[in-house]
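# Secondary and tertiary structure notes
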Amino acid sequence: MRTDSPRAQNIAEYIAGFPPAVQDILQKVRATIRSAAPGAEEAIRYQMPTFRLEGNLVHFAAFKNHIGLYPTPSGTQRFRAELSPYETGKGSIRFPLDKPIPYDLIAKIVKFRVKENLEKAKATRKKKSRAGFETGYPRIEPH
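Now for a quick tour of the structure. (Residues numbered from 1 in each chain as written. Predicted model: local features only at pLDDT ≥ 70, side-chain atom pairs only at ≥ 80, totals over all residues. Heavy atoms only, no water.)

### Considering unusual backbone geometry
- Positioned with a positive phi, Q47 is a non-glycine residue whose angle comes to about 60°.
- With respect to the helices, strands and loops of the structure, Q47 is situated in the loop between β1 (41-45) and β2 (48-52).
- Accessibility expressed as a relative area gives 47% for Q47, which makes it partly exposed.
- Notably, T72 is not glycine yet its phi reads approximately 75°, a positive angle. (Helix = DSSP H or I, 4+ residues; strand = E, 2+ residues; numbered from the N terminus. Buried < 20%, exposed > 50% of the residue type's maximum accessible area, 1.4 Å probe, protein only.)

Printed below as a string of structure tokens:
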């Protein structure tokens, strides 16, 4: 669909490169993700719209016949039963353009990924904090 256009610098540019019907779907996917992850920042990663919160949260992209959602392997594994009507891969989901997009399911997946990323970041900070203490070096807090 976007073979001859320049690379998008942001999500709005990415969405603008598609036909109006696909733009509507992409805008709804974007709004769904934004609502489910209000603290996430938008970016373009791997030439796809990406939401980041303590690391990559979820990517999405439009293709000729489907919308791809990339919530990492844990995101697809956790919702395996609910995703059974769709084609999935290790960390990918294909929502056909000729069928209704399950925005509620997308929101559930994103909320799961938010919780997962925040818990992982908290554990990492806690581990680093303990590591600094255990080495005997004082921990310096920014002002």
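### Section: the packing of aromatic side chains
- Summed over the entire model, instances satisfying the criterion amount to 3 aromatic pairs.
- Between the aromatic rings of Y14 and F18, the centroid separation amounts to 5.1 Å while the plane-to-plane angle is 50°, which identifies the pairing as tilted. Accessibility assignment for this pair places Y14 and F18 in one class, buried.
- Ring geometry for Y86 and F95: centres 4.9 Å apart, planes at 80°, overall edge-to-face. There is no split in this pair, since Y86 and F95 are both buried.
- Seen from the ring of F79, R78 lies directly overhead, with NZ or CZ sitting 4.9 Å from the centre. (Phe/Tyr/Trp six-rings, centres within 6.5 Å; stacked < 30°, edge-to-face > 60°. Lys NZ or Arg CZ within 6 Å of the ring centre and 35° of its normal.)

### Some words on the pattern of salt bridges
- Inspection of every chain in the model, using the stated rule, returns 5 salt bridges.
- Between R30 and E42 there is a salt bridge, with the nearest N and O atoms lying 2.8 Å from each other. Residue R30 is located in helix α2 (residues 20-36), and its partner E42 is located in strand β1; the two are separated by 12 residues in the primary sequence.
- A salt bridge links K108 to E82, with the shortest nitrogen-to-oxygen separation between them at 2.6 Å. Here K108 is found in helix α4 (residues 103-134), whereas its partner E82 is found in the loop between α3 (72-78) and β5 (87-88), with 26 residues between them in sequence.
- On the basis of relative accessibility, which here comes to 41%, the residue K108 falls in the partly exposed class.
- Salt bridges linked by common partners bring R30, R34 and E42 together as one network. (Salt bridge = Lys/Arg side-chain N within 4 Å of Asp/Glu carboxyl O.)

### Considering the environment of I11
- As for its position among the elements, I11 is in helix α1 (residues 11-16).
- For I11, a relative accessible area of 2% corresponds to the buried category.
- Put simply, I11 and I44 are 33 residues apart on the chain and 6.7 Å apart in space, counted from C-alpha to C-alpha.
- Other than its neighbours up to four places away in sequence, I11 contacts R30, E42, A43, I44, P49, T50, F51 and F60. (Contact = heavy atoms within 4.5 Å.)

### Here we look at the environment of A12
- Summarising the element assignment, A12 is placed in helix α1.
- Considering only alpha carbons, one finds A12 and Q23, 11 residues apart in sequence, at a separation of 9.7 Å.

### Quick notes on the sheet that holds strand β4 (residues 66-70)
- Spatially, β1-β2-β3-β4-β6-β5 is the arrangement adopted by the 6 strands of the open sheet, whose pairing is antiparallel. Both edges of this open sheet fall to β1 and β5, since each of them pairs with a single strand only.
- With 2 bridges joining them, β5 and strand β6 (residues 93-96) adopt antiparallel strand pairing. If you follow E87 over to β6, its bridge partner there is R94.
- Across the face of the sheet, α2 comes into contact with β1, β2, β3 (56-62) and β4 while running at roughly 170° to β3. (Pairing = 2+ DSSP bridges. Axes fitted to C-alpha atoms, helices over the stretch in contact; angles between N-to-C directions.)

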